[in-house]
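Fold and contact review
Each chain is listed here by its residues.
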Amino acid sequence: MKGKLYTLFLFATACFLMCAPSRVNAQSETHNFVTYDTTFTNSPGDVWNARISRPSGLFGNGPDTASRPLIIMMPGQGQMGSSDPSLLTQYGPHYWLNSGWDGGVQLGNGTHYPIIITVNHVSNVYPQPYQFFIVLTFILSHYHVKANSVYGSGLSEGAFTTGGIIEYEQTIGDHLGMKLYKALAIFEGTPTTPTSSFPTTPTTCSSEWCDTSY
């Protein structure tokens, strides 16, 4: 299983390499990063944990305040439904950061260091895309994420929820969720989502979903 997950991780990194522009800056970015755990609360009963690796000077005055690409990952149901922060390092980029990877992505003009975030849903094991949308849009607005440079990754339930963002809309036809990502690398078995989670007709619109049928 670890070998398959490592392959997925390499694929996600390859997506970043292929989708990122070959000429973005004249020199490599600095790598004075900090990593810490935090909590996002959308509303009572809707709580998310996150492990964040970002420039230590992101909110200060200096070169590290500039926007950067984001790699954001969500694990599966085995890592959902708990406030234990160690679950954020069992798989995905923060597992590999703990195993020797420095977070760098090598491009033709040097090594670049994207912001890396792993999230899990504390409230239950089955987060819905509309719940993640609130967290994701806050992250994009708060952490100086570069426009059109969001790279999503997910395993199992995290793959379903991340992939569901592609269909998420607030009004028919706005494609709101689809516009957030540059690329996805997701790995999922057969989904068992209840049919109530899916839009039933091309004109269905509710507080949770608004889109055409799968």
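Preceding this paragraph is the structure being described.
What comes next concerns the included structure. (Residues numbered from 1 in each chain as written. Predicted model: local features only at pLDDT ≥ 70, side-chain atom pairs only at ≥ 80, totals over all residues. Heavy atoms only, no water.)

1. Quick notes on the side chain of D46
- For D46, the position within the fold is in strand β2 (residues 46-55).
- At 2.8 Å, the side chain of D46 and the side chain of N42 are in polar contact.
- Separated by 2.7 Å, the side chains of D46 and H121 make a polar contact.
- Once you skip the residues sitting within four places of it in the chain, D46 turns out to touch F40, T41, H121, S123 and Q131. (Helix = DSSP H or I, 4+ residues; strand = E, 2+ residues; numbered from the N terminus. Polar contact = N/O pair within 3.5 Å; in protein donor to acceptor, adjacent residues only side chain to side chain. Contact = heavy atoms within 4.5 Å.)

2. Examining helix α3 (residues 129-142)
- Look at α3: 20 Å from first C-alpha to last across 14 residues, which is about the 20 Å you get at 1.5 Å a residue.
- For α3, the set of buried residues is P129, Q131, F132, F133, V135, L136 and I139.
- Against β1 (33-43), β2, β3 (68-74), β6 (115-121), β7 (145-155) and α4 (157-165) lie the buried residues of α3.
- Note on α3: the residue one or two positions beyond its end, H144, has a positive phi of about 55°. (Expected span 1.5 Å × (residues − 1). Buried < 20%, exposed > 50% of the residue type's maximum accessible area, 1.4 Å probe, protein only.)

3. Overview of the nonpolar core
- Ranked by size, the top nonpolar core spans 24 residues in total, and within it I72, I117, V119, F132 and I139 carry the most contacts.
- Those elements that place two or more of their residues in this core are β2, β3, β6, α3 and β7.
- Top contributing element to this core by residue count: α3, with five residues.
- Not counting the four nearest positions on each side in its chain, F132 is found in contact with W48, I72, M74, V119, T161, T162, I165 and Y181. (Core = buried A, V, L, I, M, F, W, Y, C linked by side-chain atoms within 4.5 Å.)

4. A look at the pairing of strand β8 (residues 183-187)
- One ladder, built from five bridges, connects β7 with β8; its direction is parallel. Bridge pairing in β8 places G152 opposite L184. (Pairing = 2+ DSSP bridges.)

5. Details of the sheet that holds β1
- Here six strands make up an open sheet; going across it, the order is β1-β2-β6-β3-β7-β8 and the pairing mixed. Strands with a single pairing partner mark the edges of an open sheet, and in this sheet they are β1 and β8. For this sheet, the mean angle separating the axes of adjacent strands, direction not counted, is 20°.
- In the packing of α4 onto the sheet, contacts are made with β3, β7 and β8, and the angle to β7 comes to roughly 145°. (Axes fitted to C-alpha atoms, helices over the stretch in contact; angles between N-to-C directions.)

6. Comments concerning unusual backbone geometry
- Phi is positive for N148, which is not a glycine, with a value near 60°.
- Tracing the backbone shows N148 in strand β7.
- Even without glycine at this site, H175 takes up a positive phi of about 50°.
- Examined against the element boundaries, H175 turns out to sit in the loop between α4 and β8.
- On the basis of relative accessibility, which here comes to 37%, the residue H175 falls in the partly exposed class.

7. Some words on the pairing of β6
- Burial analysis of β6 places seven of its seven residues in the buried class, the great majority of the element.
- Alternating residues of β6 divide into I115, I117, V119 and H121 and I116, T118 and N120, and every residue in both groups is buried.
- When β2 meets β6, the two strands line up antiparallel, connected through six bridges. In the strand pairing of β6, S53 is matched with I116.
- The sheet contact formed by β3 and β6 spans four bridges and is parallel. Looking across to β6, one finds that I71 is bridged to I116.

8. With respect to the packing of aromatic side chains
- Under the counting rule described, the total for this entry stands at seven aromatic pairs.
- A centroid spacing of 4.7 Å and a plane angle of 90° characterise the contact between Y95 and W96, whose relative ring orientation is edge-to-face.
- What makes Y95 partly exposed here is its relative accessible area of 24%.
- Consider the rings of F133 and Y168, whose centres lie 4.7 Å apart with planes at 40°: the pair is tilted. (Phe/Tyr/Trp six-rings, centres within 6.5 Å; stacked < 30°, edge-to-face > 60°.)

9. Focus on the packing of α3 against α4
- Here α3 crosses α4 at 75°, and the two axes come no closer than 9 Å. Relative to α4, the element α3 is oriented roughly perpendicular. Between α3 and α4, the contacting residues are P129, F132 and F133 on the first element and F160, T161, T162, G164 and I165 on the second.
- Considering only residue class, the contact of α3 with α4 consists of five nonpolar, three polar and no charged. (Parallel < 35°, antiparallel > 145°, perpendicular 65-115°, else oblique. Nonpolar A, V, L, I, M, F, W, Y, C, P; charged D, E, K, R; others polar.)

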